[in-house]
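What the coordinates show
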Amino acid sequence: MKLGFFTMPIHPLDKDWRLSLREDREAFLLADELGFTEAYVGEHVTDRAENITSCIAFIAWLAAATKQIKLGTGTVNMPNAHPAAVAASIAMLDHMLDGRLIFGISPGGLLSDAEVFGNLEADRNAMFLEAINQVLQIWASEPPYNLQGQFWNISVQKTLIEDIGQGFIPRPLQRPHPPIVVTAVAPFSKGVTEAAARGWEPISANFLMPAWVKSHWPKYVEGCERAGRPADTANWRVAKSVFVAKDAATAKAYATDPDGPYVYYYRSLFTKLKRSGRIELFKTRRDQPDDEVTLESICDSLIIHGTPESVSDQLLAFQEETGPFGTLLYAGKDWKDRELGRQSMILMAEKVMARVNASASTASKAAE
């Protein structure tokens, strides 16, 4: 199992934006130093808590400061931007990263973003598909493009001057395009099947109950079979909220503190998803009554905390429940306590993963 990083950071509303941005950046730099293989950052335009407004701009800030880690948009919310702008920005970013970019895409989940961009009542899934199809067509073709869609038309027919390069939208360094990943945020996600059929890979969100995470694998297999390609567990990424400390008391206190960053994170998500009628994500069974879903039950089920030994055991139990996956994405949180936040990432990379992979190797040999 590889170790990656995924953050859609939810910061206290009164925290200095400059400080939260610096700390978020520092977490990525630390992940790079510790050998995390990849790291993703989300984006929202209309959220004071989830306050990274452009994942592309944030990754550009990291490009020259990172060495080996692959960086991913997590995600570009496709209905909220013009496909030509996305194509050009992603192409430039891939060159800035010397081919270390992973292109994460989604229809976007924050309703206030949808409203401000004028697509709250629109079919955002249809907009998403048209947008990514046009981005890929831009990269695969030459100007004048002449792409006609329901939502966007893209052409430089009237203004193309080939001999001086006017009218050309840039292509990424990785050809035909950077690896594409999609976030899976629904039980039995049909989107996972459609993505797999197109050669894209899934990230299972860290706010899904284990049973719903498990439901993504057969949907991925279904899509791969449709495309005639093997379904490899190495391509499945699963995000998880984890806090590791040197002693169990510290781990429990920080991870379960009602005013701490982990509970704060899920309180914010619980509020948003309940308001938007998506509380099902936090249910342990589909017929569970809404009033049984509480913040306490969510945190108990979704936050893993403890010493390196305990966290390793809990992650192995989690993987036993979901089935094997290739990359565990450590879910970033606000650094209310900077040293504890850093220490958790260090222990995760240096202690926990070694135990997890040693146990997996032993189990594999025993099965032979």
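Structure: above.
Residues numbered from 1 in each chain as written. Predicted model: local features only at pLDDT ≥ 70, side-chain atom pairs only at ≥ 80, totals over all residues. Heavy atoms only, no water.

Focus on the packing of aromatic side chains
Rules: Pairs were defined over the aromatic rings of Phe, Tyr and Trp, the Trp ring being its six-membered one, requiring ring centres within 6.5 Å. Orientation was assigned from the angle between planes: stacked under 30 degrees, edge-to-face over 60, tilted for the rest. Relative accessibility thresholds used throughout: buried, under 20% of the residue-type maximum; exposed, over 50%; partly exposed, between the two (1.4 Å probe, protein chains only).
One pass over the structure, following the stated rule, counts 18 aromatic pairs. Seen in terms of ring centroids, phenylalanine 318 and phenylalanine 325 are 6.1 Å apart; in terms of plane orientation they differ by 65°. Their pairing is edge-to-face. Given the relative accessible area of 5%, phenylalanine 325 is considered buried. Put simply, the rings of Phe5, Phe28, Phe36, Phe58, Trp61 and Tyr330 touch in pairs and so form one group of aromatic residues.

Description of the pairing of strand β9 (residues 201-204)
So the rule is basically this: By definition, any uninterrupted DSSP run of H or I lasting at least four residues is a helix, any uninterrupted run of E lasting at least two residues is a strand, and each is numbered from the N terminus. When DSSP finds at least two bridges between two strands, those strands are taken to pair. Handedness is read with the strands pointing away from the viewer; a crossover is right-handed when the path from the first strand over the helix to the second is clockwise.
On β9, burial covers both faces: Glu201 and Ile203 on one face and Pro202 and Ser204 on the other are all buried. Across four bridges, strand β8 (residues 180-184) lies against β9 in parallel orientation. Its bridge partner being in β9, threonine 183 is matched across the sheet by isoleucine 203. Crossover handedness for the path β8 to helix α6 (residues 190-197) to β9: right-handed.

Side note on the side chain of glutamate 50
What counts is decided by this rule: N or O atoms closer than or at 3.5 Å make up a polar contact, with two conditions inside protein: a donor-capable atom paired with an acceptor-capable one, and, for residues adjacent in sequence, both atoms drawn from side chains. Residue contacts are defined here by distance: any two heavy atoms, one from each residue, within 4.5 Å place the two residues in contact.
With respect to the secondary-structure elements, glutamate 50 resides in the loop between β2 (38-41) and α2 (55-63). Since its relative accessible area comes to 5%, glutamate 50 is described here as buried. A polar contact of 3.2 Å, which involves the side chain of glutamate 50, links it to the side chain of histidine 44. A polar atom in the side chain of glutamate 50 sits 2.6 Å from the side chain of lysine 272. Leaving out residues up to four positions away in the same chain, glutamate 50 has contacts with Met8, Pro9, Ile10, His44 and Lys272.

Examining the packing of helix α9 (residues 248-256) against helix α10 (residues 261-275)
This is how it is decided: Axis definition: a line fitted to C-alpha atoms, over the contacting stretch in the case of helices. Angles run 0 to 180 degrees between N-to-C directions. By definition in this entry, angles of less than 35 degrees are roughly parallel, angles greater than 145 are roughly antiparallel, angles of 65 to 115 are roughly perpendicular, and the rest are oblique. By the convention adopted, Pro, Cys, Tyr, Trp, Phe, Met, Ile, Leu, Val and Ala count as nonpolar, Lys, Arg, Asp and Glu as charged, and the other residues, Gly among them, as polar.
Where α9 meets α10, the axes come as close as 5 Å, and the angle between the chain directions of the two elements is 30°. Comparing the axis directions of α9 and α10 gives the class roughly parallel. Only Pro261, Tyr262 and Val263 of α10 make contact with α9, whose side of the interface consists of Tyr254, Ala255 and Thr256. The class makeup of the residues in the contact of α9 with α10 is five nonpolar, one polar and no charged.

Focus: the nonpolar core
A general feature of soluble globular proteins is that nonpolar side chains tend to end up buried together. Our working rule: By convention a nonpolar core is built from buried Ala, Val, Leu, Ile, Met, Phe, Trp, Tyr and Cys residues, the set being connected through side-chain atoms within 4.5 Å.
Ranked by size, the top nonpolar core spans 104 residues in total, and within it Met78, Phe103, Tyr266, Phe282 and Met348 carry the most contacts. If you tally residues by element for this core, the top one is helix α5 (residues 124-140), at eight residues. If you look at the next biggest cluster of nonpolar residues, it comprises five residues, including Val192, Ala196, Tyr220 and Cys224.

A closer look at unusual backbone geometry
The omega angle of the peptide bond from glycine 74 to threonine 75 is 15°, so this bond is cis rather than trans. Inspection of the secondary structure puts threonine 75 in the loop between β3 (70-73) and β4 (76-77). Here the residue pair proline 143 and proline 144 is connected by a cis peptide bond, since its omega of 25° sits within 30 degrees of zero. Relative to the assigned elements, proline 144 resides in the loop between α5 and β6 (147-148). Phi is positive for asparagine 146, close to 55°, though the residue is something other than glycine. Within the secondary structure layout, asparagine 146 lies in the loop between α5 and β6. Despite not being glycine, phenylalanine 188 has its phi angle at roughly 50°, a positive value. With a relative accessible area of 41%, phenylalanine 188 lands in the partly exposed category.

Honestly, it's all geometry; don't read function into it.
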